[in-house]
Amino acid sequence: MKRLLLLSPILMLLLAACTTAPIVEQVAPQGRIIPVTAELWKFTPNVIQAKQGEEAVLQITGVSGTHGFSVPDLGINATIIQGQTVSVTLPTDRPGTFDFRCSVPCGAGHKDMTGQIIVAP
Ligand SMILES: [Cu+2]
């Protein structure tokens, strides 16, 4: 008990430090929202267009099944679960055509779940 009493000022200090710590805000991705859906077995749209340098955010909603939205050349791989929406900032710093595909085995049409992101100069 004595030890606990000795410790309590330290605990109070720690608690105070925790409660006064700045709250880290979750910053929502900024830019033009591009809605995308993932379902068995397609992405819609399957051609996504953007301009080089623009701020764009893919908002990918799972309609049916669980999928992965993978763009290897842009370093994107997001898991898309039915009923949930995932926001992914689209890198537009370099122009080009970047293939995307589903990266989660999702059944018969898995290999058909492909598309392209076109970043125009
Ligand atoms: Cu799949």
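Before reading on, note that the structure itself is shown above.
Residues numbered from 1 in each chain as written. Predicted model: local features only at pLDDT ≥ 70, side-chain atom pairs only at ≥ 80, totals over all residues.

**Student:** Explanation requested: the sheet that holds strand S3 (residues 47-51) in the structure shown.
**Tutor:** Hydrogen bonds between backbone atoms are what pair the strands of a sheet, whose relative direction is either parallel or antiparallel. Taken together, the five strands give an open sheet; going across it, the order is S3-S9-S8-S5-S6, and neighbouring strands pair in mixed fashion. A strand with exactly one partner marks an edge of an open sheet, and here the two such strands are S3 and strand S6 (76-81). Adjacent strand axes in the sheet meet at a mean angle of 20 degrees, parallel and antiparallel pairs treated alike. In the sheet, strand S8 (residues 96-102) pairs with strand S9 (residues 114-120) via six bridges, with the strands oriented antiparallel. Considered in S9, the bridge of glycine 96 is made with valine 119. (Pairing = 2+ DSSP bridges. Helix = DSSP H or I, 4+ residues; strand = E, 2+ residues; numbered from the N terminus. Axes fitted to C-alpha atoms, helices over the stretch in contact; angles between N-to-C directions.)

**Student:** I'm lost on the pairing of S8 in this one. Help?
**Tutor:** Two faces belong to every sheet, and in a regular strand the side chains alternate between them. Relative to S8, strand S5 (residues 66-71) runs antiparallel, the two being bridged by two bridges. Opposite serine 70, over in S8, you have arginine 101 as the bridge partner.

**Student:** Before we go on, may I ask you to explain the pairing of S9 in this structure?
**Tutor:** The sheet contact formed by S3 and S9 spans five bridges and is parallel. Its bridge partner lying in S9, glutamine 49 is registered against isoleucine 118.

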